[in-house]
Amino acid sequence: MKWCLALCLTTLCISPLLAAEYTIKLTHVVSPDTPKGKGADFLAKRVSELTKGRVEVIVYPNSELYGDGEEIKALKLGNVHIAMPSFSKFTSMVPQMQLFDLPFLFRDENHVHAVLDGEVGQIIKDKVTAKGFVALDYWDAGFKHFSSNKKAILTPSDAVGQKVRTMKSNVLESQIKAIGATPHALPFASVYAALQKGIVDGAENPLSNFYTKKFYEVQSDLTLSAHGYLGYLVIMSESFWRKFPSDLKPLILQAVKEATAYERTLASEDDKATLLKLEAYAKTSNSFHIHTLSAEQKEVWQKIMEAIYPQFYGVIGEDLIKKVQATK
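Since we're looking at a predicted model, the values are computed, not measured.

Basis of the calculations
- Residues numbered from 1 in each chain as written.
- Predicted model: local features only at pLDDT ≥ 70, side-chain atom pairs only at ≥ 80, totals over all residues.
- Heavy atoms only, no water.
- Helix = DSSP H or I, 4+ residues; strand = E, 2+ residues; numbered from the N terminus.
- Core = buried A, V, L, I, M, F, W, Y, C linked by side-chain atoms within 4.5 Å.
- Buried < 20%, exposed > 50% of the residue type's maximum accessible area, 1.4 Å probe, protein only.
- Contact = heavy atoms within 4.5 Å.
- Pairing = 2+ DSSP bridges.
- Right-handed = clockwise from strand over helix to strand, strands pointing away.
- 1 Å grid on protein atoms, 1.4 Å probe; cavity = no way out; pocket = protein on both sides within 12 Å on 5 of 7 lines; lining within 4 Å.
- Points joined across faces, edges and corners; volume = space filled by probe spheres on them.
- Axes fitted to C-alpha atoms, helices over the stretch in contact; angles between N-to-C directions.
- Nonpolar A, V, L, I, M, F, W, Y, C, P; charged D, E, K, R; others polar.

(A) Fine view of the environment of Lys277. Assignment of secondary structure puts Lys277 in helix H10 (residues 249–284). Residues Lys277 and Tyr211, spaced 66 residues apart in sequence, show a C-alpha to C-alpha distance of 8.4 Å.

What follows is the structure in structure tokens.
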């Protein structure tokens with residue numbers, strides 16, 4: 001009886017010590033199985049490890065807490081503490097963020113990271129931070145590809161008359177109009193139903209989102225266009241961060257840095273693995289096809305898409321666009 005009482009007393013004494021002193025709520029809109037979802041879980045794990053349990057990160061995936069487009073407002077109000085919205089969600093307050101939406105601006109993955117981790121990336125983060133947030137780091141979603149359930153989009157003329165879902169962005173709207181299609185800005189959570197019901201004919205997505213959300217069920221053709229880059233900016237609530245203990249801040253930043261490297265690696269690996277899965281599905285399906293563009297076709301696309309750049313010199317800054325193009 002005495003040993004039982006002693007055990008209970010010991011447990012009561014230890015339990016408060018095991019409880020986290022601080023809780024960080026993290027929200028995102030994608031599946032936990034995506035690189036972004038896994039990156040968020042990894043960040044939570046590393047925060048707990050580095051702070052020795054003093055800080056707990058609770059992850060809310062799949063728009064469980066806030067939907068697409070709601071995260072930034074929630075951060076501003078302090079109702080959630082970390083989010084990683086896509087770049088297009090920032091364009092209304094930081095117009096220069098439209099830089100990342102410009103089609104065919106980035107040559108490849110290495111070029112993207114050189115830009116994000118260099119001078120241009122820091123310029124953008126400073127502008128976001130000046131708006132009352134803490135801009136932490138950039139995560140990958142990957143290069144976007146066109147899909148359709150109306151007609152395979154192999155050349156710009158194939159898109160004429162089609163209704164294409166985009167994120168809310170002036171650049172993305174312009175790129176769709178440039179190929180004769182009609183842009184429809186819709187929240188990510190609504191895309192599957194919109195494709196299924198024919199509200200839109202097609203969309204642009206990185207392979208990870210295309211696969212995990214099963215868009216191949218409601219799209220007949222996927223073109224590996226790699227015409228645009230989709231990324232996320234990890235941001236923190238400024239009011240929350242300001243009050244956060246100074247001794248713990250370096251540990252949070254270290255966790256974010258590690259999570260960034262982890263997420264980017266996952267995104268790259270996932271892109272390759274996902275393409276194999278989609279190719280396997282296409283072989284067994286009579287209703288889904290994957291198309292690869294030839295070098296000549298890509299040149300046609302690039303020429304038409306780059307024609308919209310001057311429209312945004314005044315908003316984004318011609319100098320910023322030139323810095324990206326000059327980055328090695």
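(B) Up close: the nonpolar core. Formed by 47 residues in total, the largest nonpolar core has its most connected members in Ile24, Leu26, Leu43, Met236, Phe244 and Ile252. Once you skip the residues sitting within four places of it in the chain, Phe244 turns out to touch Tyr22, Ile24, Val55, Lys249 and Ile252. Counting residues in each nonpolar core, the second largest holds 46 residues, with Phe90, Leu102, Val115 and Ile321 among its members.

(C) Expanded view of unusual backbone geometry. Positive phi outside glycine occurs at Phe104, with the angle close to 60 degrees. Tracing the chain through its elements places Phe104 in the loop between strand S3 (82–83) and helix H4 (109–116). Given a relative accessible area of 13%, Phe104 falls into the buried group. Here the phi dihedral of Ala226 falls at roughly 45 degrees; this positive angle occurs in a residue that is not glycine. Its location among the elements puts Ala226 in strand S8 (residues 221–237).

(D) Molecular detail of the pairing of strand S6 (residues 182–185). Bridge analysis of strand S5 (residues 163–166) against S6 gives 4 bridges, and the strand direction is parallel. Of the residues in S6, the one forming a bridge with Lys163 is Thr182. With respect to chirality, the unit in which S5 leads through helix H6 (residues 170–178) into the neighbouring parallel S6 is right-handed.

(E) Main features of empty space enclosed by the protein. What the rule picks out here adds up to 2 cavities of 30 Å³ or more. The space that makes up the largest cavity amounts to roughly 170 Å³. Looking at the largest cavity, it is lined by 19 residues, and the ones nearest its centre are Asp68, Ser86, Met167, Phe188 and Leu230. Of all the secondary-structure elements, those providing two or more residues to the lining of the largest cavity are S5, strand S7 (202–205) and S8. Val30, Thr34, Pro35, Lys36, Asp140, Ala141, Pro206, Ser208, Asn209 and Tyr232 are the residues that line the second largest cavity. Where the lining of the second largest cavity is concerned, the elements lending two or more residues are helix H2 (35–50), strand S4 (133–148) and helix H8 (207–212).

(F) Just the pairing of strand S1 (residues 22–27), in detail. As judged from the 6 bridges shared by S1 and strand S2 (residues 55–60), these two strands associate in the parallel manner. Of the residues in S2, the one forming a bridge with Thr27 is Tyr60. Crossover handedness for the path S1 to H2 to S2: right-handed. Two strands pair when backbone bridges link them, and S1 and S3 are joined in this way by 2 bridges, in the parallel orientation. In the strand pairing of S3, Thr27 is matched with Ala83.

(G) Spatial organisation of the packing of helix H5 (residues 119–129) against helix H12 (residues 313–326). Two elements in contact, H5 and H12, have axes separated by 9 Å at closest approach and are oriented at 145 degrees. Side by side, H5 and H12 meet where Glu119, Val120, Ile123 and Ile124 of the first sit next to Leu320, Lys323 and Val324 of the second. Partitioned by chemical class, the residues of the contact of H5 with H12 number 5 nonpolar, no polar and 2 charged.

(H) Summary view of the layout of surface pockets. In this structure, the largest pocket spans a volume of roughly 390 Å³. Lining the largest pocket are 18 residues, and of these Glu109, Phe143, His145, Ala226 and Asp271 lie nearest its centre. For the lining of the largest pocket, the elements supplying multiple residues, two or more each, are H4, S4, S8 and H10. With 5 residues, the top contributor of residues to the lining of the largest pocket is H10. There is about 290 Å³ of room inside the second largest pocket. Taken together, 18 residues form the lining of the second largest pocket, with Ser88, Lys89, Thr91, Lys168 and Ser169 sitting closest to its centre. Contributions of two or more residues to the lining of the second largest pocket are made by S5 and H6. Residues that form the lining of the second largest pocket fall into these classes: 5 nonpolar, 8 polar and 5 charged.

Interpretation in functional terms is not warranted from these geometric data alone.
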